[in-house]
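A closer look at the structure
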Amino acid sequence: MKEEADGRGCVVHVPVSKLAERLREHLRAAGVRRADLFADDEARKPLGFHDLRATAVTWWALRGDEPLAIRQRAGHADFATTQLYLREAEAAGGGGETPFPALPNALVLLSPTVVPSASEGAVSSEKTERETGLEPATPSLGSSCSTN
């Protein structure tokens, strides 16, 4: 898309306000009906945008990724922050597990950089992240578009 635009302008326009609200709107539009994601009461808060990041860090720790790699990907300035996630994963019995099963080909074949594994014709979440570089980018705050 960037080439089609002669290398100018935004490829994706990223909203910079009300991210959590928009995330929940998109989840509803996608048919996600899990009440806990939207609840707002004394015991629960609705899903926030930052919760996605925390979930990713937890999955990396559960999978047994190298702690320094987790810190770098998460953008933690202090290793003590990363250690909180490592302890949670350890308490949950994590370490070397794959939190989710392999993604179906119908999803991963949309990306030309993902190659299905020989077994079961699917790509594991570990292979997808590590071999396609799906680690989160660290764009500057307040950025309103992506030109990549």
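Here's what I pulled together on the structure shown here. None of these values were measured; they are calculated from a predicted model. (Residues numbered from 1 in each chain as written. Predicted model: local features only at pLDDT ≥ 70, side-chain atom pairs only at ≥ 80, totals over all residues. Heavy atoms only, no water.)

The biggest cluster of nonpolar side chains holds ten residues, and these are A54, A56, V57, W60, A61, L62, I70, A74, Y85 and A89. At the level of secondary structure, the elements contributing two or more residues to this core comprise α3 (49-63), α4 (67-74) and α5 (79-91). Among the elements that line this core, the one with the most residues is α3, at six residues. Those residues in contact with I70 that lie beyond four places of it in its chain are V57, W60, A61, D65, T82 and L86. (Core = buried A, V, L, I, M, F, W, Y, C linked by side-chain atoms within 4.5 Å. Buried < 20%, exposed > 50% of the residue type's maximum accessible area, 1.4 Å probe, protein only. Helix = DSSP H or I, 4+ residues; strand = E, 2+ residues; numbered from the N terminus. Contact = heavy atoms within 4.5 Å.)

The next thing to look at is a nonpolar patch on the surface. Judged by side-chain polarity, M1, V12 and V14 come together as a nonpolar surface patch covering roughly 280 Å² of accessible area. Assignment of secondary structure puts V12 in strand β1 (residues 12-13). (Patch = residues over 30% accessible without salt bridge, like charges linked within 9 Å, V, L, I, M, F, W, Y side chains within 5 Å. Areas by Shrake-Rupley, 256 points an atom, 1.4 Å probe, with all protein chains shown as cover. Salt bridge = Lys/Arg side-chain N within 4 Å of Asp/Glu carboxyl O.)

Right, let's talk about the packing of α4 against α5 for a bit. Here α4 crosses α5 at 115 degrees, and the two axes come no closer than 10 Å. By the angle between their directions, the pair α4 and α5 is classed as roughly perpendicular. Pair α4 / α5 crosses with right-handed handedness. Between α4 and α5, the residues in contact are P67, L68, I70 and R71 and F79, T82 and L86, respectively. Its residues placed into classes, the contact of α4 with α5 shows five nonpolar, one polar and one charged. (Axes fitted to C-alpha atoms, helices over the stretch in contact; angles between N-to-C directions. Parallel < 35°, antiparallel > 145°, perpendicular 65-115°, else oblique. Left-handed = near helix turned anticlockwise from the far one by under 90°. Nonpolar A, V, L, I, M, F, W, Y, C, P; charged D, E, K, R; others polar.)

Moving on, we come to unusual backbone geometry. Positive phi, normally seen in glycine, also occurs at K18, with a value near 55 degrees. Of note, K18 is situated in the loop between β1 and α1 (19-29).

Taken as a whole, this structure holds zero aromatic pairs when the rule is applied. R73 extends its terminal NZ or CZ atom over the ring of W60, reaching a point 4.9 Å from the ring centre. (Phe/Tyr/Trp six-rings, centres within 6.5 Å; stacked < 30°, edge-to-face > 60°. Lys NZ or Arg CZ within 6 Å of the ring centre and 35° of its normal.)

This part covers α4. Turning to α4, its buried residues number three or more, namely I70, R73 and A74. Axial view of α4: buried residues confined to an arc of 90 degrees, hence all on one face. Summarising the geometry of α4, the exposed residues directed more than 90 degrees from the buried face are L68 and Q72. G75 sits one or two positions beyond α4 and adopts a positive phi of about 75 degrees. (Arc of directions from axis to C-beta.)

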